[in-house]
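Here is what each chain is made of, one letter per residue.
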Amino acid sequence: MKWFETKIVFDHPDKDLAVDLISDVFYDFDLQGVVVEDPRIEPEGGWPEDVIGRPDHYTVTGYFPDDNRVEKRSKILEEKLLQFKEKLGLIYTVSYKELDEEDWAHSWKAYFWPQKIGRNMVVKPTWRDYRADAGEMVIELDPGMAFGTGTHPTTTMCVAMIETYLKRGDSFLDVGTGSGILLIAAAKLDAGKVCGVDNDLTAVEIAAENLKLNGFKAQRIRVICGDLVEGIRETYDIVAANILSHVILDLLKDIRRVLKPGGVFICSGIVDKNEKQVVDAMGNIGFEIIEISSKDEWVAIAGRLTAKGKGHRAWSQKGDK
């Protein structure tokens, strides 16, 4: 398969707003990641010589698979950018570059460096060196074509909630596992039975490889290909889903079947405008909302499953910027 590297070079007085707006257009196409180049950020001292220095321009880059959707997606992207230009004064240029699959899988790696996620977890690409501080747990990761580096706010909030609510020996299910970051985090926190499911066979294979990289055997952790929880027959203490809002709403129809009474459901990938819709849907099927966290216009929600009927909101943590 070939891919199209779609790069937007832009200028706007509010750079962070522009990055969020452009990135959200890519995320609306279900892309799992974008590359952001920011001239304000310099590499930290002591990084190896091959690190890319400050870029010359602000850019957001996404990767479209070269299939029958690429023309329509490109048209929608350019229509959105034109709207940003007319309404917000965004100045931009768009360029497309065709990449072979191998080139695509490696083109973004120069931008991926070790980064702390959650409170004690550090995600480290396999091709980088990192010396862990006392108490840190290092997740070795090669996202490959799953393109899940673990550094997006939706993932970091998920990991922080897993650190909070997962107790030693708890069973854990990750719906939409991607490159396996949440599975590995749960395993490192001494979860008992651990399972991940993804509808993309490539992601399943990559997650399995990343589990091996971190020393976990297939006998302890299962990764299966399936549609949400359709093929799951067991129940779990913790279920996590770092996916999009409309998929979470679909998942909620079956969540009681796979989550133990009193169990915790952690969901992320929710844009802030959809927070109320997800919270209300969780409450209507018996969840007590125990935490809401937000970062960069993204929201993560944790709820505890109560008796059948309407749940309620216990408390929320807003403004986690």
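In this text the structure is predicted, and so the values were computed from the model without any measurement. (Residues numbered from 1 in each chain as written. Predicted model: local features only at pLDDT ≥ 70, side-chain atom pairs only at ≥ 80, totals over all residues. Heavy atoms only, no water.)

Engineer: What am I meant to see in the nonpolar core here?
Structural biologist: Generally speaking, a soluble globular protein has its nonpolar side chains buried in company with each other. Counting residues in each nonpolar core, the largest one holds 58 residues, and the members touching the most others are Phe10, Ile22, Phe26, Leu77, Leu166, Phe172 and Ile266. Looking at this core element by element, the count peaks at seven residues for helix H5 (residues 181-188). Those residues within four positions of Ile22 in sequence are excluded, and the remaining contacts are Ile8, Phe10, Val60, Leu81, Phe84 and Leu90. Ala241, Ile248, Leu251 and Leu252 belong to the second-largest nonpolar core, a separate cluster that totals 28 residues. (Core = buried A, V, L, I, M, F, W, Y, C linked by side-chain atoms within 4.5 Å. Buried < 20%, exposed > 50% of the residue type's maximum accessible area, 1.4 Å probe, protein only. Helix = DSSP H or I, 4+ residues; strand = E, 2+ residues; numbered from the N terminus. Contact = heavy atoms within 4.5 Å.)

Engineer: Which parts of the structure should I look at to understand the packing of helix H4 (residues 153-165) against H5?
Structural biologist: In helix packing, the relevant descriptors are the interaxial angle and the interaxial distance, both defined with respect to the helix axes. Their axes nearest at 10 Å, the elements H4 and H5 cross at an angle of 20 degrees. The pairing of H4 with H5 is recorded here as roughly parallel in orientation. Of the two elements, H4 crosses H5, and the hand of that crossing is right-handed. Contacts between H4 and H5 involve Thr155, Cys158, Val159 and Ile162 on the former and, on the latter, Ile181, Leu182 and Ala186. Broken down by class, the residue content of the contact of H4 with H5 amounts to six nonpolar, one polar and no charged. (Axes fitted to C-alpha atoms, helices over the stretch in contact; angles between N-to-C directions. Parallel < 35°, antiparallel > 145°, perpendicular 65-115°, else oblique. Left-handed = near helix turned anticlockwise from the far one by under 90°. Nonpolar A, V, L, I, M, F, W, Y, C, P; charged D, E, K, R; others polar.)

Engineer: Honestly, the sheet that holds strand S5 (residues 115-117) in this entry has me stumped. Any pointers?
Structural biologist: Note: strands within a sheet are paired through backbone hydrogen bonds, in either parallel or antiparallel orientation. Here we have three strands laid out as an open sheet, ordered S5-S6-S7, and mixed in their pairing. Looking at the sheet topology across the chains shown, the edges are occupied by S5 and strand S7 (137-141). Put simply, the sheet's adjacent strands are angled 35 degrees from each other on average, direction ignored. Of the pairings in the sheet, the one linking S5 to strand S6 (residues 121-125) comprises three bridges and is antiparallel in character. Its bridge partner lying in S6, Ile117 is registered against Met121. Against the sheet, H5 contacts S5, S6 and S7, and its axis sits at roughly 145 degrees relative to S7. (Pairing = 2+ DSSP bridges.)

Engineer: Looking at this model, I keep getting lost on the pattern of salt bridges. Mind explaining?
Structural biologist: Two side chains of opposite charge can pair, provided their charged atoms sit close to one another. Applying the stated criterion across every chain yields a total of ten salt bridges. The closest approach of N and O atoms between Asp237 and Lys260, which form a salt bridge, is 3.6 Å. With Asp237 in strand S11 (residues 236-242) and Lys260 in strand S12 (residues 259-271), this pair connects stretches of sequence that are 23 residues apart. Taking relative accessible area as the criterion, Asp237 reaches 22% and is therefore assigned partly exposed. Salt-bridge contacts for Asp280 lead to Lys276; the nearest nitrogen and oxygen are separated by 2.6 Å. Pair noted here: Asp280 and Lys276 are both in helix H9 (residues 275-284), with a separation of four residues, about one helical turn. The class of Asp280 is partly exposed, set by a relative accessible area of 33%. (Salt bridge = Lys/Arg side-chain N within 4 Å of Asp/Glu carboxyl O.)

Engineer: Looking at this structure, I do not really get the environment of Leu251. What am I missing?
Structural biologist: As for its placement among the helices and strands, Leu251 is situated in helix H7 (residues 245-252). When the C-alpha atoms of Leu251 and Asp227 are compared, they prove to be 9.7 Å apart, with 24 residues separating the residues in sequence. Among all residues touching Leu251, those that are not within four sequence positions of it are Val175, Leu228, Val229, Ala241, Ile243 and Phe265.

Engineer: Please clarify how the packing of aromatic side chains should be interpreted in this entry.
Structural biologist: In this structure the tally under the stated criterion is five aromatic pairs. A ring pair is formed by Phe10 and Tyr58, whose centres lie 5.8 Å apart and whose planes are at 45 degrees; its orientation type is tilted. On the criterion of sequence distance, the pair formed by Phe10 in strand S1 (residues 2-11) and Tyr58 in strand S3 (residues 58-65) is long-range, its members being 48 residues apart. Ring centres of Phe265 and Phe287 lie 5.9 Å apart, and the angle between their planes is 45 degrees; this geometry places the pair in the tilted category. With Phe265 in strand S12 and Phe287 in strand S13 (residues 287-295), the pair connects residues that are 22 residues apart, well separated along the chain. You'll find Phe265 and Phe287 in the same group, each marked buried. Aromatic rings pair up to connect Phe26, Phe29 and Phe64 into one cluster. When the ring centre of Tyr236 is taken as origin, the NZ or CZ atom of Lys193, which lies over that ring, is 4.6 Å away. (Phe/Tyr/Trp six-rings, centres within 6.5 Å; stacked < 30°, edge-to-face > 60°. Lys NZ or Arg CZ within 6 Å of the ring centre and 35° of its normal.)

Engineer: Is there a simple way to think about helix H6 (residues 201-213) in this case?
Structural biologist: Since the α-helix turns once every 3.6 residues, residues separated by three or four places project in the same direction. Given a rise of 1.5 Å per residue, 13 residues ought to cover 18 Å, and the 19 Å separating the end C-alpha atoms of H6 matches this to within 8%. When H6 is considered as a whole, its buried residues turn out to be Ala203, Val204, Ile206, Ala207, Asn210 and Leu211. With its buried residues spanning 165 degrees around the axis, H6 presents them on a single face. Looking at the buried positions of H6, the neighbouring elements they touch are S7, H5, strand S9 (194-198) and strand S10 (221-225). Gly215 occupies a position one or two residues after H6 and carries a positive phi of about 85 degrees. (Expected span 1.5 Å × (residues − 1). Arc of directions from axis to C-beta.)

Engineer: I tried to follow helix H2 (residues 70-88) on my own but got confused; where do I start?
Structural biologist: Spanning 19 residues, H2 covers 26 Å between terminal C-alpha atoms, matching the ideal 27 Å at 1.5 Å per step. Listing the buried residues of H2 in full gives Val70, Arg73, Ser74, Leu77, Leu81 and Phe84. Down the axis of H2, the smallest arc covering the buried residues is 100 degrees, so these residues share one side. Structural note: H2 exposes Glu71, Lys72, Lys75, Glu86 and Lys87 on the side pointing more than 90 degrees away from its buried face. Looking at the buried residues of H2, the elements they touch are S1, helix H1 (15-28), S3 and strand S4 (91-100). Just downstream of H2 lies Gly89, where phi reads positive at about 75 degrees.

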